[in-house]
Amino acid sequence: MDFAFGPEDERFRTEARDWLAEHFAGPFAALKQEPGGHPGEARGDMTARRAWERELGTGGWIGLGWDRTDGAYGNRAATLTQQVVWAEEYARAGAPGRLGHIGENLLAPTLLAHGDSAQRARFLPPIARGEELWCQGYSEPDAGSDLAGLRTRAVRDSGERTYRITGQKIWTSLAHEADWCFVLARTEEGSQRHHGLSFLLVPMDQPGRIEVRPIRQLTGTSEFNEVFFDGAVARAEHLVGGAGHGWRVAMSLLAVERGVSTLVQQIGFAQELSRVVRLALETGAAEEPVLRDRLIRQWAELKAMRWNALRTLGAAQNPTPNPARDSAARDLAPNDARDPAPRKGAAHDLPPGSAAPQAPGPRDPGPQDPGAPSIAKLLWGGWHQRLGELAVQVRGAAAALGPARWTAGRPYELDAFQRLFLFSRADTIYGGSDEIQRTIIAERVLHLPKESRR
């Protein structure tokens with residue numbers, strides 16, 4: 001696909017830039033993104049961040065590029081290149097990490113692909129308006145990267161149109177702020193691995209049935225949470241894709257997890273790198289040959305990641321027959337007799353009885369490169385972690401000092417580079433660890449022998 005921006009794209013860029021200049025101002029200006037930030041971060045005034053989501057929704061900037069086969073849901077129509085334009089302008093404006101990321105970029109495409117018309121009509125408009133926030137109920141204490149090992153159960157009430165959910169989820173981003181959670185749970189008694197799972201939409205406002213416990217991080221923030229379900233209620237009409245078909249729906253969600261948002265992330269990375277380079281020049285650290293070489297290498301690797309992301313997006317929009325690739329993609333079928341490689345929903349945070357694979361439909365462009373998401377995750381996870389290390393190295397001994405004197409009232413103050421270093425330690429774990437990504441590439445792309453999972 002040709003990613004050169006044409007006249008329409010540049011007009012779209014002007015519109016986006018002008019809107020951001022006008023609306024990301026006043027009280028919202030205090031939400032400006034800092035280095036080390038990410039969509040699931042818990043820093044900042046959460047009331048103001050919710051108001052910013054509604055501001056974006058009023059402007060029609062949520063849900064760009066959603067499938068419009070069944071109509072619009074309050075959002076703008078946008079080509080893929082225009083989505084990239086908006087992502088670039090949003091990041092360059094320093095606008096805050098999106099509280100609505102999970103609903104907009106993970107759940108919405110999944111409902112468009114697997115939900116029914118009533119589900120789309122109920123849930124998509126509030127997401128597009130920035131009014132309802134979502135979290136992702138995938139990972140569990142004993143089922144993180146090995147998502148198929150989950151134990152959370154959902155039992156259909158006898159004679160009722162509801163399910164009762166019991167179990168625990170962990171590393172659930174922004175669960176303490178979310179209005180809804182999409183939960184992958186086991187609905188067939190005695191089922192194992194990826195069989196017998198269902199994808200349920202669950203309201204979070206259920207006192208006594210849902211408990212959210214924040215998990216304090218090294219950065220001092222608590223964006224991740226444990227979520228305990230004790231008979232939580234989900235309506236039967238809010239089961240997506242049919243009972244027992246949850247694995248197929250969940251894997252479909254994971255497939256859209258890394259799209260245009262990858263480019264948004266990389267623009268943020270570029271801004272962080274620029275700040276580190278400026279600091280190296282100011283302190284004279286850039287004069288040290290080894291450190292200067294690392295700075296140049298970081299810049300070159302970031303450029304390579306950007307072009308790889310653009311290539312992957314282009315291929316997704318214009319799939320061409322590739323027997324080797326398509327054969328590998330078919331290995332992802334949920335009823336494959338072989339035990340599938342473990343997968344994990346993103347911790348910032350992501351992802352039908354017989355679950356037979358379906359032929360590509362009007363919303364499904366067909367098999368894509370099954371290794372592309374794993375390669376992208378390996379590239380950016382390691383890159384960002386090395387950038388955090390580089391930020392500390394550039395500062396030298398000063399990196400051990402806080403930005404202000406610590407007091408009893410403010411005992412744990414960090415500056416932006418310290419947050420970058422500490423949070424990036426998790427980059428090679430969340431969203432599917434590096435080990436899991438390499439296993440997927442080895443088994444499903446290179447077709448190497450499967451490792452034992454006993």
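In what follows, the structure referred to is the one given above.
About the thresholds
Residues numbered from 1 in each chain as written. Predicted model: local features only at pLDDT ≥ 70, side-chain atom pairs only at ≥ 80, totals over all residues. Heavy atoms only, no water. Helix = DSSP H or I, 4+ residues; strand = E, 2+ residues; numbered from the N terminus. Expected span 1.5 Å × (residues − 1). Buried < 20%, exposed > 50% of the residue type's maximum accessible area, 1.4 Å probe, protein only. Contact = heavy atoms within 4.5 Å. Core = buried A, V, L, I, M, F, W, Y, C linked by side-chain atoms within 4.5 Å. Pairing = 2+ DSSP bridges. Phe/Tyr/Trp six-rings, centres within 6.5 Å; stacked < 30°, edge-to-face > 60°. Lys NZ or Arg CZ within 6 Å of the ring centre and 35° of its normal. Axes fitted to C-alpha atoms, helices over the stretch in contact; angles between N-to-C directions. Parallel < 35°, antiparallel > 145°, perpendicular 65-115°, else oblique. Left-handed = near helix turned anticlockwise from the far one by under 90°. Nonpolar A, V, L, I, M, F, W, Y, C, P; charged D, E, K, R; others polar.

Student: What should I look at first to understand helix H2 (residues 46-58) in this one?
Tutor: Given 3.6 residues to a turn, an α-helix orients residues that are three or four positions apart in the same direction. Look at H2: 18 Å from first C-alpha to last across 13 residues, which is about the 18 Å you get at 1.5 Å a residue. What H2 keeps buried is the set Met46, Ala48, Arg49, Arg50, Trp52, Glu53, Leu56 and Gly57. Looking at the packing, one finds that the buried side of H2 touches helix H1 (7-23), helix H3 (80-92) and helix H5 (117-128). Just beyond H2, the residue with positive phi is Gly60, at close to 80 degrees.

Student: Help me understand the nonpolar core, please; the structure alone is not making it clear to me.
Tutor: Burial of nonpolar side chains together is a common tendency in soluble globular proteins. With 31 residues, the main nonpolar core has Trp66, Leu107, Trp134, Tyr138, Phe182, Phe199 and Leu201 as its most contacted residues. The set of elements that each furnish at least two residues to this core consists of helix H4 (101-114), H5, strand S4 (180-186), strand S5 (197-203) and helix H6 (246-255). If sequence neighbours within four positions are ignored, Trp134 has contacts with Ile102, Gly103, Leu107, Phe123, Ile127, Ala178, Trp180, Cys181, Phe182 and Leu201. Counting residues in each nonpolar core, the second largest holds 22 residues, with Ala286, Leu387, Leu390 and Leu420 among its members.

Student: How should I be thinking about the pairing of strand S1 (residues 134-137) in this particular structure?
Tutor: Looking along a regular strand, one sees the side chains alternate between the two faces of the sheet. Burial along S1 is two-sided: the residues Trp134 and Gln136 and Cys135 and Gly137 are all buried. In this structure, S1 lies alongside S4, joined through 4 bridges in parallel fashion. Across the sheet, residue Trp134 finds its bridge partner in S4, namely Trp180.

Student: Can you help me understand the packing of aromatic side chains in this one?
Tutor: Centre distance and the angle of the planes are the two values used to describe a pair of aromatic rings. Applying the stated criterion across every chain yields a total of 18 aromatic pairs. Aromatic side chains Tyr138 and Phe182 sit 6.0 Å apart centroid to centroid with 80 degrees between the ring planes, which places their arrangement in the edge-to-face category. Highlighted residues: Tyr138 in the loop between S1 and strand S2 (153-156) and Phe182 in strand S4, separated in sequence by 44 residues. A relative accessible area of 0% places Tyr138 in the buried class. Look at Phe182 and you get buried, because its relative accessible area is 0%. Following the ring pairs from residue to residue traces out a cluster consisting of Phe12, Trp19, Phe24, Phe28, Trp52, Trp61, Trp86 and Tyr90. Between the NZ or CZ atom of Arg76 and the centre of the ring of Trp61, over which it lies, the distance is 3.7 Å. Directly above the aromatic system of Trp380 lies the positively charged group of Lys377, at a separation of 5.0 Å from the ring centroid.

Student: Looking at this structure, I do not really get the packing of helix H10 (residues 372-395) against helix H11 (residues 416-423). What am I missing?
Tutor: How two helices pack is summed up by the angle between their axes together with the distance between the axes. Two numbers describe how H10 lies on H11: the axes approach to 8 Å, and their chain directions differ by 140 degrees. By the criterion of interaxial angle, the relationship of H10 to H11 is oblique. Along this stretch, H10 crosses H11, giving a crossing that reads as left-handed. Where H10 approaches H11, its residues His384, Leu387, Gly388, Glu389, Ala391, Val392 and Arg395 are matched on the opposing element by Phe417, Gln418, Leu420 and Phe421. Along the lines of polarity and charge, the residues of the contact of H10 with H11 split into 6 nonpolar, 3 polar and 2 charged.

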